[in-house]
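Reading the structure
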Amino acid sequence: MDTPPGGTVPRSRSLWARGPAAALAGALPSLAFPEASWWWFAYVALVPWLLLVRSAATPRRAALYGWLGGAGFMLAVHHWLLPSLHIFILVLALLLGALWAPWGLLVRALLAGTPGAGRCAAALVLVPSGWLMVELVRSWEYLGGPWGLLGASQWEVPPALRLASLGGVWLLSLLIVAVNTALAELIALRSARLPAVAGLLGCALAATAAWYGAPLPRPAGTVRIAVVQPGPGGTPTERLARGEALTGALAGRGVRLVVWGESSLYQDPADHPVLAGHLAALARRTGADLLVNADAPDADGAGIYKSAVLIGPQGPTGKRYSKMRLVPFGEYIPARSLLGWATHVGKAAATDRKRGTHQVVLPIPTAGGLRIGPLVCFETAFPDMSRHLARDGAQVLVAQSSTSTFQDSWAPAQHASLAALRAAETWRPMIHATLTGVSAVHGPRGEQIGPRLGTDRSTAAVYDLPLATGTSPYTRFGDWALYAAIAALLLFGAHSAVRARLRRPARPLP
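What follows concerns the packing of helix α8 (residues 158-188) against helix α17 (residues 480-503). Closest axis-to-axis distance for the α8/α17 pair is 7 Å, and the angle between their directions is 45°. On the basis of the axis angle, α8 is oblique to α17. Here Leu-166, Gly-167, Trp-170, Leu-171 and Leu-174 of α8 lie close against α17, whose contacting residues are Trp-480, Ala-481 and Leu-482. Tallied by class, the residues present in the contact of α8 with α17 amount to seven nonpolar, one polar and no charged.

In structure tokens, the structure reads:
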């Protein structure tokens, strides 16, 4: 038991009251993401959770509140998976929520009691750094990937997008947690007023300096592209027919690239000449190359791949990209021999998809050799993949997606919002084309280009896409914000170890 000496725990401090409160507090930041899109709420949403963890009676309680809050956060940002995974989503939330237990210990160690100004100032760096370590670990693709990174909630805020070009989504997460920590200190700690105010001013000055002083991409003309979104409803054959009809209507509009959504084909055009002929005729009619997506077995029967396939006026060009990072349970089941039972309680993958081996950059002949970097669905959540494509010479990032399973949930809008972050990070415009919505196009600063296509639309939309040259600081220097957070935590650990050793009483002489 972790009851304090001299009495029982008051009801307000009991586990039965505070445990659910921690889970609810952890869920609050989900409102900053689409569809709620209260981006401003991210800067205060962590305060209740921080105050609860800080006031934990023991380190064990602090770790528990961190764990339960993390489970609440994971469940809230992934709630749309409930119809597919059913009760298994609760198991996953509890497993991943445990990553926040060490963060709870860190928060209590820095903010419990009446810390001095120095410890409060250190908390403004270390608490955000600890949060970033949690985001880093859970971003591993086999743990579910980086869906719901706190910084991604700022996708529609221009100053935040400018910061993303400097340090990626990681830098935004650091800033948000620092602001929340400073506000929690102002509320709970009188001794923290000076460092907390200084921290808030520092965050404001950093954002202002980035807005006025950060480098910008250099404009490099435009290219006309089109996104084909067949929309919900109908069989795969009927959706294919709608996609062909919508593409054919683009003839004479000067389009140079037409992008279809993920799983727009269930046959590989390279292995089906009749289908390849239909698509080649569409390419000739529109005067544009088609980037389609096939969810189909390869020719030698090695397995099912999800592949972006380039179709030119003469048919398949031989240029393709096969998806490398697959959705756990959605496209494969980790350790199927142990977790295969998930197929009986939800809509988990009945057959594992195969992984591609490397990223590719595809030249588009009808667009004057324009080089595009394809990504498939879930891969847009990984900032390293788009950064590598930009470094390899991609001029445009193209994502093909399908969230039709979660059509009426928050997932389509949240997924589309990631295009703004990836564009701003790399200074490369991004096309997010989906089978059933939401489709969106963003320019090299992350700005939205043209209309977003909602989940109720069945249409082909044409965009004059602005191009840019130059290399963003994030593309050049990579995840420096992560390395800085790791360094800060290592220094704190070394300092704590030295202090503990110096405080250890000397052994008495014999």
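Moving on: the pairing of strand β9 (residues 430-434). Summarising burial for β9: five of the five residues are buried, a large majority. Neither face of β9 is open: one carries Met-430, His-432 and Thr-434, the other Ile-431 and Ala-433, and all of them are buried. One ladder, built from five bridges, connects strand β8 (residues 396-401) with β9; its direction is parallel. Paired with Ser-401 across the bridge in β9 is Thr-434. Between the parallel pair β8 and β9, the chain is carried across by helix α15 (residues 411-426), and the sense of this crossover is right-handed. With three bridges joining them, β9 and strand β10 (residues 440-442) adopt antiparallel strand pairing. In the sheet register, His-432 faces β10, and the bridge partner there is Ala-440. Here β9 folds back onto β10 in antiparallel fashion, the turn holding five residues, of which Gly-437 has a positive phi close to 95°.

A few words now on helix α10 (residues 236-248). The end-to-end C-alpha separation of α10 is 18 Å, in line with the 18 Å expected for 13 residues at 1.5 Å each. For α10, the full list of buried residues reads Arg-239, Gly-243, Leu-246, Thr-247 and Gly-248. Tucked inside the fold, the buried residues of α10 contact β1 (218-229), β2 (257-259), α11 (273-286), β3 (289-297) and β11 (459-469).

Here the focus is helix α5 (residues 88-97). Of the residues making up α5, those classed as buried are Phe-88, Ile-89, Ala-93, Leu-96 and Gly-97. Mapping the buried residues of α5 onto a view down its axis gives an arc of 165°, with all of them on the same face. Buried positions along α5 lie against α3 (59-77), α4 (82-85) and α6 (101-111).

Right, let's get into the sheet that holds strand β6 (residues 362-364). What links the strands of a sheet is backbone hydrogen bonding, and the strands pair in either a parallel or an antiparallel sense. Strand order in the open sheet formed by five strands is β6-β7-β8-β9-β10, and the pairing between neighbours is mixed. Looking at strand neighbours, the two that pair on one side only are β6 and β10, the edges of this open sheet. Taken pair by pair, the neighbouring strands of this sheet meet at an average axis angle of 25°, ignoring direction. Strands β7 (370-376) and β8 of the sheet are contacted by helix α14 (residues 383-391), whose axis makes an angle of about 165° with β7.

Among the nonpolar cores identified, the biggest contains 78 residues, and Trp-49, Trp-100, Trp-103, Val-127, Trp-131 and Trp-170 are the most heavily contacted of them. Looking at this core element by element, the count peaks at 15 residues for α8. With residues up to four places along the chain from it excluded, the contact list for Trp-131 reads Leu-46, Trp-49, Trp-100, Trp-103, Leu-150 and Val-177. Among the nonpolar cores identified, the runner-up in size contains 39 residues, and Ile-364, Leu-389, Val-396 and Leu-465 belong to it.

This structure, assessed with the given rule, holds nine salt bridges. For Arg-355, the salt bridge goes to Glu-141, with nearest N and O atoms at 2.9 Å. One end of the pair, Arg-355, is in the loop between α13 (342-345) and β6; the other, Glu-141, is in the loop between α7 (117-138) and α8, and 214 residues separate them in sequence. Note on Arg-355: relative accessible area 27%, which makes it partly exposed. Its salt-bridge partner being Asp-479, residue Arg-387 comes within 3.7 Å of it at the nearest N-O pair. Here Arg-387, found in helix α14, pairs with Asp-479, found in the loop between α16 (473-477) and α17; they are 92 residues apart in sequence, far enough to count as distant. A relative accessible area of 8% means that Arg-387 is categorised as buried. When salt bridges that share partners are traced, they join Glu-262, Lys-306 and Lys-323 into one network.

In this structure the tally under the stated criterion is three cavities of 30 Å³ or more. Its volume calculated, the largest cavity comes out at about 50 Å³. Its residues assigned to classes, the lining of the largest cavity comprises five nonpolar, three polar and one charged.

What follows deals with the sheet that holds β3. With mixed pairing, the six strands of this open sheet are ordered in space as β5-β4-β3-β2-β1-β11. The sheet terminates laterally at β5 (315-322) and β11, the two strands that pair on one side only. This sheet shows a mean twist of 35° between the axes of neighbouring strands, independent of strand direction. For β3 and strand β4 (residues 304-312), the ladder comprises eight bridges, and the chain directions are antiparallel. Among the inter-strand pairings, Leu-290 is bridged to a residue of β4, identified as Ile-311. Sitting on the sheet, α10 is in contact with β1, β2, β3 and β11, with an inclination near 135° to β1.

Moving on: the layout of surface pockets. With a probe scaled to a water molecule rolled over the atoms, the places where space remains empty come into view. Of the volumes computed, that of the second largest pocket is approximately 270 Å³. Along its surface, the second largest pocket is lined by Ala-109, Leu-110, Arg-119, Ala-122, Leu-126, Phe-492, His-495, Ser-496, Arg-499, Ala-500 and Arg-503. Only α6, α7 and α17 provide two or more residues apiece to the lining of the second largest pocket. Of all the elements, α17 adds the most residues to the lining of the second largest pocket, at six residues. Considering only residue class, the lining of the second largest pocket consists of six nonpolar, two polar and three charged.

Here we take up a nonpolar patch on the surface. A cluster of nonpolar side chains, Leu-136, Val-137, Trp-140, Tyr-142, Leu-143, Phe-477, Trp-480, Tyr-483, Ile-486 and Leu-490, forms an exposed patch at the surface whose accessible area comes to about 990 Å². Elements represented by at least two residues in the nonpolar patch include exactly α7 and α17. Element by element, the count of residues in the nonpolar patch is highest for α17, at four residues. Among the structural elements, Tyr-142 can be located in the loop between α7 and α8. Tyr-142 sits in the partly exposed class, given a relative accessible area of 38%.

The rules behind the values
- Residues numbered from 1 in each chain as written.
- Predicted model: local features only at pLDDT ≥ 70, side-chain atom pairs only at ≥ 80, totals over all residues.
- Heavy atoms only, no water.
- Axes fitted to C-alpha atoms, helices over the stretch in contact; angles between N-to-C directions.
- Helix = DSSP H or I, 4+ residues; strand = E, 2+ residues; numbered from the N terminus.
- Parallel < 35°, antiparallel > 145°, perpendicular 65-115°, else oblique.
- Contact = heavy atoms within 4.5 Å.
- Nonpolar A, V, L, I, M, F, W, Y, C, P; charged D, E, K, R; others polar.
- Buried < 20%, exposed > 50% of the residue type's maximum accessible area, 1.4 Å probe, protein only.
- Pairing = 2+ DSSP bridges.
- Right-handed = clockwise from strand over helix to strand, strands pointing away.
- Expected span 1.5 Å × (residues − 1).
- Arc of directions from axis to C-beta.
- Core = buried A, V, L, I, M, F, W, Y, C linked by side-chain atoms within 4.5 Å.
- Salt bridge = Lys/Arg side-chain N within 4 Å of Asp/Glu carboxyl O.
- 1 Å grid on protein atoms, 1.4 Å probe; cavity = no way out; pocket = protein on both sides within 12 Å on 5 of 7 lines; lining within 4 Å.
- Points joined across faces, edges and corners; volume = space filled by probe spheres on them.
- Patch = residues over 30% accessible without salt bridge, like charges linked within 9 Å, V, L, I, M, F, W, Y side chains within 5 Å.
- Areas by Shrake-Rupley, 256 points an atom, 1.4 Å probe, with all protein chains shown as cover.

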